[in-house]
Amino acid sequence: MRKFLPLLALATAALMGCGGTADSLAATQTATGSSCDPGAKLAPSEAGLDQVQLCVKSGAKNHAFTVEVARTSAQQARGLMFRTALADDRGMIFPFPDTRMASFWMKNTVIPLDIIFVRADGRIENIAANTTPYSTDPVESTAPVVAVLELRGGLAAERGIKAGDSVHWQAR
């Protein structure tokens, strides 16, 4: 997904060392009973991106996702563009080197997405639910964030994921 960032100067070198909300969450059980281990080492995705396990804690439930990490400006510009499906246990995380206001768009994105904006403390700031495919309208954070998580459109509501919930992952 091509991104429209207010200050489009994303330094590739700075992004390479960027970490996520790395407060380590011990391996825990998710709502579906699978393990949620944000430190799990995974093979690269079919697109060649690093993958990590990401956990969203929502009330008493933990939701595990395998997410591709879009670190470089090129990876962030492409995002999930042209993909025709996204499984319920998959997503993409866009870590930023600095806390900032974030603005995304859906140009060349075929499927609706939930765009989840993550603050420096790991809490979800806001969620743009079921974004419109191919739209060039900006989808923005309501406060400065350190990362953006993209999931299948509608999944956040289906799982009860909301603003204030916590997101945990470890960059490698």
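Scroll up for the structure.
Conventions adopted
- Residues numbered from 1 in each chain as written.
- Predicted model: local features only at pLDDT ≥ 70, side-chain atom pairs only at ≥ 80, totals over all residues.
- Heavy atoms only, no water.
- Salt bridge = Lys/Arg side-chain N within 4 Å of Asp/Glu carboxyl O.
- Buried < 20%, exposed > 50% of the residue type's maximum accessible area, 1.4 Å probe, protein only.
- Helix = DSSP H or I, 4+ residues; strand = E, 2+ residues; numbered from the N terminus.
- Pairing = 2+ DSSP bridges.
- Polar contact = N/O pair within 3.5 Å; in protein donor to acceptor, adjacent residues only side chain to side chain.
- Contact = heavy atoms within 4.5 Å.
- Phe/Tyr/Trp six-rings, centres within 6.5 Å; stacked < 30°, edge-to-face > 60°.

1. Some details on the pattern of salt bridges
1) Next: In total, this model carries eight salt bridges according to the counting rule given.
2) Next: Here Lys-162 makes a salt bridge to Asp-165, at a shortest N to O gap of 3.1 Å.
3) Next: Here Asp-165 falls in the buried class, since its relative accessible area comes to 5%.
4) Next: Several salt bridges converge on common partners, so that one network encompasses Asp-88, Arg-152 and Glu-158.

2. Some points on the pairing of strand E8 (residues 124-128)
1) Next: Counted residue by residue, E8 has four buried out of five residues, so it is predominantly covered.
2) Next: For strand E7 (residues 113-118) and E8, the ladder comprises four bridges, and the chain directions are antiparallel. Within E8, the position partnered with Phe-117 by the bridge is Asn-126.
3) Next: In textbook terms, the turn of a hairpin is the stretch between consecutive antiparallel strands, and for E7 and E8 this stretch comprises five residues, one of which, Gly-122, has a positive phi near 85 degrees.

3. A few points about the side chain of Glu-125
1) Next: Among the secondary structure elements, Glu-125 is positioned in strand E8.
2) Next: A polar side-chain atom of Glu-125 sits 3.3 Å from a polar atom in the side chain of Arg-119.
3) Next: A distance of 2.7 Å separates a polar atom in the side chain of Glu-125 from a polar atom in the side chain of Thr-142.
4) Next: Those residues in contact with Glu-125 that lie beyond four places of it in its chain are Phe-117, Arg-119, Thr-142, Ala-143, Val-145 and Ala-163.

4. Here we look at the packing of aromatic side chains
1) Next: The final tally for this structure, using the stated rule, is two aromatic pairs.
2) Next: Centre to centre, the rings of Phe-94 and Phe-104 are 5.2 Å apart; their planes meet at 85 degrees, and the pair counts as edge-to-face. Here Phe-94, found in strand E5 (residues 90-100), pairs with Phe-104, found in strand E6 (residues 103-104); they are ten residues apart in sequence, far enough to count as distant.
3) Next: The class of Phe-94 is buried, set by a relative accessible area of 0%.
4) Next: Residue Phe-104 is classed as buried on the basis of its relative accessible area of 1%.
5) Next: With centroids separated by 6.3 Å and ring planes inclined at 85 degrees, the aromatic side chains of Phe-104 and Phe-117 adopt a geometry described as edge-to-face. Of this pair, Phe-104 sits in strand E6 while Phe-117 sits in strand E7, and the two are 13 residues apart along the sequence. Take Phe-104 and Phe-117: they sit in the same class, and that class is buried.

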